[in-house]
Amino acid sequence: MEKKPQCRICRRRQKKLFLKGDKCNSPKCPIIKKPYPPGTKKKRRMGGFSEYAKELQEKQKLKNYYNLSEKQLNKYIKDILEKSRKGSWKAQDATESLIKRLELRLDNVVYQMGLAESRKAAKQVVSHGHLWVNGKSIDIPSIELKKGDKISVRPHSLKKNIFKDKEALIKKHQPPVWIKFDAEKWSGEIIGFPSVEVAAPPADITVVFEFYSK
């Protein structure tokens, strides 16, 4: 996974990708204070972008937003494209399938439940073994959940610094409609399926597919 200052990523993509938790929703967000790409003025691109550059930009937005490696995103896209060639999928079907898979990743669900301030932090929560899925310890951030799956914080982990002072924030947090969350028990359940409209990804998914189709 490439390591870059998170706020510079948003400024480079010219889109708020919510990589720094609460800071992203505050006036201190660098993309608000500096609404232009990082670097000296002489180095900033002037004028339009090529078609390839635009497609690359959309792909990078999606990758950064969901905290994926290039290999992970490539695998998701290639798998869906392969299935679409074998069937009669339309572009919208492929888009829905991709967003559904990305949103149902365990690290994303942890973020959506409010148990972590960012998807990057959620990945650490999972990989450090702080969660149970259906009563079993799971430490694989990329595992895809399904309707009916239940996610909870291990009782012992609630004493860890990573969850300290978060009770008030969690009670205020509003998860998406497809997740039922119990703030008192620090647990949630997948009760529906994520849609493109609800997920509202910051990238044009059709353009992302076009990038990988060439």
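Our structure is the block above this text.
Residues numbered from 1 in each chain as written. Predicted model: local features only at pLDDT ≥ 70, side-chain atom pairs only at ≥ 80, totals over all residues. Heavy atoms only, no water.

1. A word on the overall build of the chain
Move 1: Of regular secondary structure, the chain possesses 10 helices and 5 strands.
Move 2: With 214 residues in all, the chain has 46% of them scored as buried.
Move 3: Taking contacts inside the chain between residues at least 6 apart in sequence as the whole, the part at least 24 apart equals 59%.
Move 4: Of the roughly 12,500 Å² of accessible surface on the chain, 52% is carried by carbon and sulfur atoms. (Helix = DSSP H or I, 4+ residues; strand = E, 2+ residues; numbered from the N terminus. Buried < 20%, exposed > 50% of the residue type's maximum accessible area, 1.4 Å probe, protein only. Contact = heavy atoms within 4.5 Å. Areas by Shrake-Rupley, 256 points an atom, 1.4 Å probe, with all protein chains shown as cover.)

2. Some points on the pairing of strand E4 (residues 179-182)
Move 1: Burial of E4 is one-sided: the residues Ile179 and Phe181 facing one way are buried, the residues Lys180 and Asp182 facing the other way are not.
Move 2: As defined by bridge partners, E4 adjoins strand E5 (residues 187-190) across 4 bridges and the pair is classed as antiparallel. In the sheet register, lysine 180 faces E5, and the bridge partner there is glutamate 189.
Move 3: Between E4 and E5, which follow one another and run antiparallel, lie 4 residues, and tryptophan 186 among them has a positive phi close to 55°. (Pairing = 2+ DSSP bridges.)

3. Here we look at the environment of alanine 203
Move 1: Within the secondary structure, alanine 203 is located in the loop between helix H9 (196-199) and helix H10 (205-213).
Move 2: The sequence separation of alanine 203 and lysine 59 amounts to 144 residues, and the corresponding C-alpha distance is 7.2 Å.
Move 3: Filtering out sequence-adjacent residues up to four positions away, alanine 203 remains in contact with Glu58, Lys61 and Leu62.

4. Topic: the pairing of strand E3 (residues 150-153)
Move 1: Pairing analysis gives 3 bridges linking strand E1 (residues 131-133) to E3, with the strands arranged antiparallel. Looking at E3, one finds that valine 133 is bridged to isoleucine 151.
Move 2: As paired elements, E3 and E5 share 3 bridges and run antiparallel to each other. Bridging across to E5, lysine 150 finds its partner in glutamate 189.

5. Examining the packing of aromatic side chains
Two aromatic rings are characterised by how far apart their centres lie and by the angle between their planes.
Move 1: For the structure on display, the rule yields 4 aromatic pairs.
Move 2: An angle of 85° between the planes, with centres 5.9 Å apart, marks the rings of phenylalanine 163 and tryptophan 186 as edge-to-face. Taken together, the positions of phenylalanine 163 in the loop between E3 and helix H8 (167-172) and tryptophan 186 in the loop between E4 and E5 put the pair 23 residues apart, joining distant regions of the chain.
Move 3: The class for phenylalanine 163 is buried, based on a relative accessible area of 2%.
Move 4: Linked through ring pairs, Tyr52, Phe211 and Tyr212 together constitute an aromatic cluster. (Phe/Tyr/Trp six-rings, centres within 6.5 Å; stacked < 30°, edge-to-face > 60°.)

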